[in-house]
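Here is how the chains run, residue by residue.
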Amino acid sequence: MGKSLYTDNSNSETMRNFTISILSENSIGMLHSITIIFTRRKINIESINASDSEVPGVYRYTIVIKTIRSTAEKVVKQIEKLIDVLSSFLYEEDQVHYQEFSLYKISKKVLVAHPEIEKITSEHGAKIMLTEPEYEFVIFEKTGHRESNRKLLNELQPYGVSEFVSSGRIAVSKSKRETTTLMEQLENSKCNVIEA
Amino acid sequence: MDILSSSIEQSTDLLNQNENINQEINISVKNEIKKKVTGSEAVIMSLLEEGIQTIFGYPGGAIMPIYDALYGFQDQVNHILVRHEQGAIHAAQGFARASGKTGVCFATSGPGATNLVTGIADAQIDSTPIVCITGQVSSHLLGTDAFQETDIISISMPITKWSYQVTNAEEIPRIIAKAFYIAASGRPGPVLIDITKDAQNQIIDFEYKKCDKIRSYHPYPIASDQDIERAAELINNSTKPLLLFGHGVIIANAQEELKTFVEKAGIPSAWTIMGLSALDTDHPLNVGMLGMHGNYGPNIKTNECDLLIAVGMRFDDRVTGDLNRYANQAKVIHIEIDPSEINKNIHADVAIISDAKIALKKLIPKINPNNHNEWLEEFKKCSQIEYDKVNKNELYPEKGELKMAEVVRKISERTNGKAIVVTDVGQHQMIAMRYYNYKKPRSNITSGGFGTMGFALPAAIGAKMACPEREVVAFIGDGGFQMTLQELGTIFQYKPKVKIVILNNNFLGMVRQWQQLFFEKRYSFTTMVNPDFIAIARGFSIQSAKVTERENLDAEIEKMFSTDEAYLLEVVVEKEDNVFPMVPSGESVSNIRLS
């Protein structure tokens, strides 16, 4: 009977969240070529976010996956192997500062009928987003970790939440590394041709 | 005197003037060339800039402008019209593996492109440099389900090293330069460039500059001196070292360095099937083949050595068997160019992330001259056990039906171990590798990681085109032969002098062997009722012969090699022969079975 390649490691390691931060060129199909690396190992992506980085022309993907450490390390190396990926970093939960941004849409009629909603939202630090005065809904916005944003949703749901949406995790590392320094290192790397 | 010297001066001036004029003319001619070519011409001119002289391909609607451009370059580039796009890419793979250069293939959009897929995946897992150029429907039709439209970029993404769709011909020279750089550098692999038909027809200014740098790609990592020192220390302190060499040695062209290294330190050395031929089979330190159908010694000694030195190999599951019971007692040095292979399957105590040649060159002066004669003696004892129980009867049977191994042995003797041996996939593949006596590097071309049946015939065509001066022998099973036998048509048209040896057991032999050993002999759909292979060869005007009796074998082999053209030899071999030794799937290498 064949055993899974990674059986041994998974026994000694626990499943947990990892944040993967990827710097890449802004090329078409990049997102697809990254996500298929997870698909191949049947790893579910908990959240994903794509944005600009502080370096012009360089894109940053922030991906959260739940897996074991050794698998996460292998996946990160395979991502880094993609030609257009500049660099890829793996973080444990305590190595990043991170947030998600959520929107909660509630009918004005509900709000009038249940004034306690405003108390709940302000307790959670949610703010009212500015909308057109004639709009029939109120939109609350909240920044926080997934669990706390989810908790507010749970508390609002009995009153009726018309729509809820949350961004993927965005995260900055606690490390002192500067992306511009990294870019200089990549530009000046001597690993492009074989040593003489 | 004065008059003479002044006249000389004058004439020199004139010469200089002429030279200047000539230079100006040359420059203007060059500028002329630089101007105004079609995207299709730019494709061919870019290939010429990369030194490409051979292309394997198959035309079709969406690549017709490129084929039209090719028509004008027939004196500079040799296009081989295969009979199926799978044949084109396997031929390009055979070409690349035999020559070390990048193989090129052309296909049209849709089915042309998807027919390449198997070969692309094969080239990816076996690190073979290939540039595939596919035609694509015009850019305004992309995504509209146009005739023969398929999203080959997305399809090929997980199986290419890089892919790119060109919709603007201005990009063609730069993208092709990038493609060749990526395909061949570092750990090589297949690259696919998809070019829309409108881009093929677009007029551009052609200017070519080779690519040697991409800021996001660092194909040649430099190992730290510290890692080299640590590795040397482990090697110098080891009493039972075992070196495993793989394809990385051949890709890096590090055969000489490998030999110097193992000879200096006296290290028994074993090969993966992709590393085969990097060190001569009969070299005293070559202890044989690793893995499932490898030799007895290197498999069981993997679990007895104190140090494993893996060079340019990736600990494939067919090599390691059960990872939980693989070399737990040993320290591991992993020399590998691809960082993602480090700690993927086996933990490395010392990782030297580097090209194999560079790493070995750095290590050689740091290791102490040594011999491990007692340890080597243990391998010899294992070889003797294996020879008595398995090899002897395979190689020198006296009665019964013909055996694959004796055919391989006789062909090995007839070619002095110097042929390029191309194999398909299955029992004959394992037998050819086990029993051919390889004496030259780059002599083993096989589908190793992917196990693609149908690989051998087109790959042999490609190998012969790359190395026309070398004998090319393709060992193919009756099953695999029928997967790509249409390429006999390519042989008929272009006359590469390949020697095709069908080892016919009228079974899908390897699957049948597993059914016998692990599925209680339930031979579910592995029996083959085969056609008349000789009649097929005759249909393609390829000389051929069939051997069924032992006493005719020598003469027929001799006839094949003394015929100065392509030849097909069908050898009918024992129907239910098994390949041993064998490490059953998922078991420890220590549990290798001799019967």
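Residues numbered from 1 in each chain as written. Chains lettered and ligands numbered in written order. Predicted model: local features only at pLDDT ≥ 70, side-chain atom pairs only at ≥ 80, totals over all residues. Heavy atoms only, no water.

Looking now at the sheet that holds strand β7 (residues 190-196) of chain B. All names here are of chain B. The sheet built from six strands is open, its strands ordered β3-β2-β4-β5-β7-β6 with parallel pairing. The two strands at the open ends of the sheet, each matched to only one other strand, are β3 (78-81) and β6 (162-166). Strand-to-strand twist across the sheet, computed as the mean angle between neighbouring axes with direction ignored, equals 20°. The pairing of strand β2 (residues 54-57) with β3 spans four bridges and is classified as parallel. Among the inter-strand pairings, Gly 57 is bridged to a residue of β3, identified as Leu 81. Most of the contacts of helix α3 (residues 64-71) go to strand β4 (residues 103-107), to which it runs at about 125°, and overall it touches β2, β3, β4, β5 (130-136) and β7. (Pairing = 2+ DSSP bridges. Helix = DSSP H or I, 4+ residues; strand = E, 2+ residues; numbered from the N terminus. Axes fitted to C-alpha atoms, helices over the stretch in contact; angles between N-to-C directions. Contact = heavy atoms within 4.5 Å.)

Attention now goes to unusual backbone geometry. Residue and element names in this part refer to chain B. A cis amide bond, omega 0°, links Phe 580 with the succeeding residue Pro 581. Unlike most non-glycine residues, Asn 253 shows phi in positive territory, near 55°. Along the chain, Asn 253 turns up in the loop between α11 (247-251) and α12 (255-265). By relative accessible area, which is 44% here, Asn 253 ends up partly exposed. Its identity as a non-glycine residue notwithstanding, Ser 541 has a phi of 55°, on the positive side. Along the chain, Ser 541 falls in the loop between α23 (533-539) and β19 (543-547). (Buried < 20%, exposed > 50% of the residue type's maximum accessible area, 1.4 Å probe, protein only.)

Before going further, it helps to examine the interface of chain B and chain A. A common way to state how big an interface is: give the accessible area lost once the parts meet. Contact with chain B, which involves 32 residues of that partner, is made by 32 residues of chain A. Together chain B and chain A conceal approximately 2,800 Å² of surface at their shared face, both sides included; 56% is due to carbon and sulfur atoms. Broken down residue by residue, the surface that chain B buries against chain A is led by Met 157, Arg 215 and Ser 216 of chain B, which jointly contribute 24%. Our count for the chain B to chain A interface comes out at three salt bridges. The closest approach of N and O atoms between Arg 215 of chain B and Glu 187 of chain A, which form a salt bridge, is 3.2 Å. Counting every contact that joins chain B to chain A gives twelve residue pairs in polar contact (both at pLDDT 80 or more). Those elements that provide at least two residues to the side of chain B that touches chain A are α8 (172-184) and α15 (356-363) of chain B. The element that contributes the greatest number of residues to the side of chain B that touches chain A is α8 of chain B, accounting for three residues. Partitioning the side of chain B that touches chain A into residue classes produces 14 nonpolar, eight polar and ten charged. (Buried area = accessible area lost by both parts, 1.4 Å probe. Salt bridge = Lys/Arg side-chain N within 4 Å of Asp/Glu carboxyl O. Polar contact = N/O pair within 3.5 Å; in protein donor to acceptor, adjacent residues only side chain to side chain. Nonpolar A, V, L, I, M, F, W, Y, C, P; charged D, E, K, R; others polar.)

Residue and element names in this part refer to chain B. Core analysis: the biggest nonpolar cluster contains 99 residues, and Phe 261 and Ile 352 have the highest contact counts within it. Sort the elements by how many residues they give to this core and helix α16 (residues 373-395) lands first, with six residues. Looking at which domains feed residues into this core, each of domain 2 (225-377) and domain 3 (401-573) supplies at least three. Apart from the residues lying within four places of it in its own chain, the contact partners of Phe 261 are Ile 235, Leu 243, Ile 267, Leu 360, Leu 363, Ile 364 and Ile 367. Counting 53 residues, the second-largest nonpolar core is a separate cluster that includes Cys 132, Ala 474, Phe 481 and Leu 488. (Core = buried A, V, L, I, M, F, W, Y, C linked by side-chain atoms within 4.5 Å. Domains from an automatic or database assignment.)

All right, on to the pairing of strand β15 (residues 420-423) of chain B then. On a regular strand, each side chain points to the face opposite its neighbour's, so the side chains alternate between the two faces of the sheet. All names here are of chain B. Residue alternation in β15 divides its side chains into two sets, Ile 420 and Val 422 and Val 421 and Thr 423, and both sets are buried. In the sheet, β15 pairs with strand β17 (residues 472-477) via four bridges, with the strands oriented parallel. Of the residues in β17, the one forming a bridge with Val 421 is Val 473. With two bridges joining them, β15 and strand β16 (residues 444-445) adopt parallel strand pairing. When the bridges of β16 are listed, Val 421 appears paired with Asn 444. With helix α18 (residues 427-435) bridging β15 and its parallel neighbour β16, the resulting β-α-β unit is right-handed. (Right-handed = clockwise from strand over helix to strand, strands pointing away.)

Next up on the list: the packing of helix α2 (residues 30-40) of chain A against helix α3 (residues 69-80) of chain A. Residue and element names in this part refer to chain A. In contact at an axis separation of 10 Å, α2 and α3 are set at 150° when each is read in the N-to-C sense. You can see that α2 and α3 cross each other, and the crossing is right-handed. Across the interface between the two elements, Ile 34, Ile 37, Phe 38 and Arg 40 from α2 touch Val 75, Gln 78 and Ile 79 from α3. Of the residues contributing to the contact of α2 with α3, the split by class is five nonpolar, one polar and one charged. (Left-handed = near helix turned anticlockwise from the far one by under 90°.)

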